[in-house]
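# Structure at a glance
Here is what each chain is made of, one letter per residue.
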Amino acid sequence: AVEHPHHVGVSAAIGRCGELEWSGAAGSADPETAMTPETASRIGSISKLMTMVAFMRLRDSGHIDLETPVGALLPELPEALQPLTARQIMAHRSGVRHYKDREFWRNTAYLTSQDALHIFQDDPLLFPPGTGQSYSTYAFTLLSAAMAAATNQRFPTIVRSEVIEPAGMSRTRAENSDDPAIDRVSEFHRIVNDRLFVAPAVN
């Protein structure tokens with residue numbers, strides 16, 4: 001990105017003992033805008049790590065357990081999903097599938113995690129839970145729905161109260177297409193023949 005300033009952007013920072021020592025950026029936030037240290041970016045699958053931290057804090061406060069079957073919290077789930085546990089989901093040993101075909105390119109906003117379960121919940125598991133390993137975003141959708149049911153809170157509320165606020169991550173927030181962005185957000189884009197193009201929006 002430094003050698004090719006019109007390529008996909010990156011930002012980074014170094015801190016020590018709670019103090020910012022350096023921050024910088026290079027490349028493009030979108031085809032017309034340079035990346036800066038203040039440009040907000042989607043965190044993608046880092047969301048899974050934040051989900052795990054939030055889950056363990058809920059476990060510590062007695063709301064949920066690693067071995068509790070998700071069916072105990074979401075009794076309307078199909079039978080195959082009922083016995084899955086958070087431990088299996090977080091280790092990618094649940095057997096729940098990942099994206100297939102062009103599902104990654106969906107651009108549908110769901111009000112709750114539970115609303116999105118219909119995408120995959122009726123599909124067969126890839127293997128009996130605990131007997132294999134396969135990376136799955138949808139398994140974390142299932143886990144977030146279970147966490148919401150255990151606390152009677154929306155999942156973004158859980159993450160904010162259990163992770164974002166305690167860590168002082170004041171500029172990290174759930175993306176909501178109905179709210180104007182506080183900071184400029186970088187766009188997904190791709191390089192074709194050494195030119196940048198905005199990629200299709202996904203949600």
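Figured I'd write up the structure that's included with this text. (Residues numbered from 1 in each chain as written. Predicted model: local features only at pLDDT ≥ 70, side-chain atom pairs only at ≥ 80, totals over all residues. Heavy atoms only, no water.)

### Focus on the environment of V198
Along the polypeptide, V198 turns up in strand 6 (residues 195–198). For the pair V198 and D30, spaced 168 residues apart in sequence, the C-alpha to C-alpha distance is 7.0 Å. Not counting residues within four places of it along the chain, the set of residues in contact with V198 comprises P31, E187, F188 and H189. (Helix = DSSP H or I, 4+ residues; strand = E, 2+ residues; numbered from the N terminus. Contact = heavy atoms within 4.5 Å.)

### Quick look at helix 5 (residues 155–164)
Given 3.6 residues per turn, any residue in an α-helix points the same way as the ones three and four places further on. Among the residues making up helix 5, those that are buried are F155, I158, V159, E162, V163 and I164. Buried positions in helix 5, seen along its axis, are confined to an arc of 155° and lie on one side of it. Where the residues of helix 5 are buried, they touch helix 1 (46–60) and helix 4 (137–151). (Buried < 20%, exposed > 50% of the residue type's maximum accessible area, 1.4 Å probe, protein only. Arc of directions from axis to C-beta.)

### Points about the nonpolar core
Grouped together as the largest cluster of nonpolar side chains are 32 residues, with contacts concentrated most on F55, L142, L143 and M147. Where this core is concerned, the elements lending two or more residues are helix 1, helix 3 (86–90), helix 4 and helix 5. At eight residues, the largest contribution of residues to this core is made by helix 4. (Core = buried A, V, L, I, M, F, W, Y, C linked by side-chain atoms within 4.5 Å.)

### Quick word on the pattern of salt bridges
Oppositely charged side chains are able to pair whenever their charged atoms sit close together. One pass over the full model with this rule turns up eight salt bridges. We note a salt bridge from D60 to R59, for which the minimum N-O separation is 2.9 Å. Note on D60: relative accessible area 58%, which makes it exposed. Between E103 and R97 there is a salt bridge, and its shortest N-O distance comes to 2.8 Å. The structure contains a network of salt bridges with shared partners spanning R97, K100, E103 and D123. (Salt bridge = Lys/Arg side-chain N within 4 Å of Asp/Glu carboxyl O.)

### Some details on the packing of helix 1 against helix 4
One can describe the packing of helix 1 onto helix 4 by two numbers: an axis separation of 11 Å at closest approach and a directional angle of 30°. Judged by the angle between their axes, helix 1 and helix 4 are roughly parallel. Of the two possible hands of crossing, helix 1 and helix 4 adopt the one that is left-handed. From helix 1, K48, T51, M52, A54, F55 and L58 reach across to helix 4, where they touch T137, F140, L143, M147 and T151. A per-class count over the contact of helix 1 with helix 4 returns seven nonpolar, three polar and one charged. (Axes fitted to C-alpha atoms, helices over the stretch in contact; angles between N-to-C directions. Parallel < 35°, antiparallel > 145°, perpendicular 65-115°, else oblique. Left-handed = near helix turned anticlockwise from the far one by under 90°. Nonpolar A, V, L, I, M, F, W, Y, C, P; charged D, E, K, R; others polar.)

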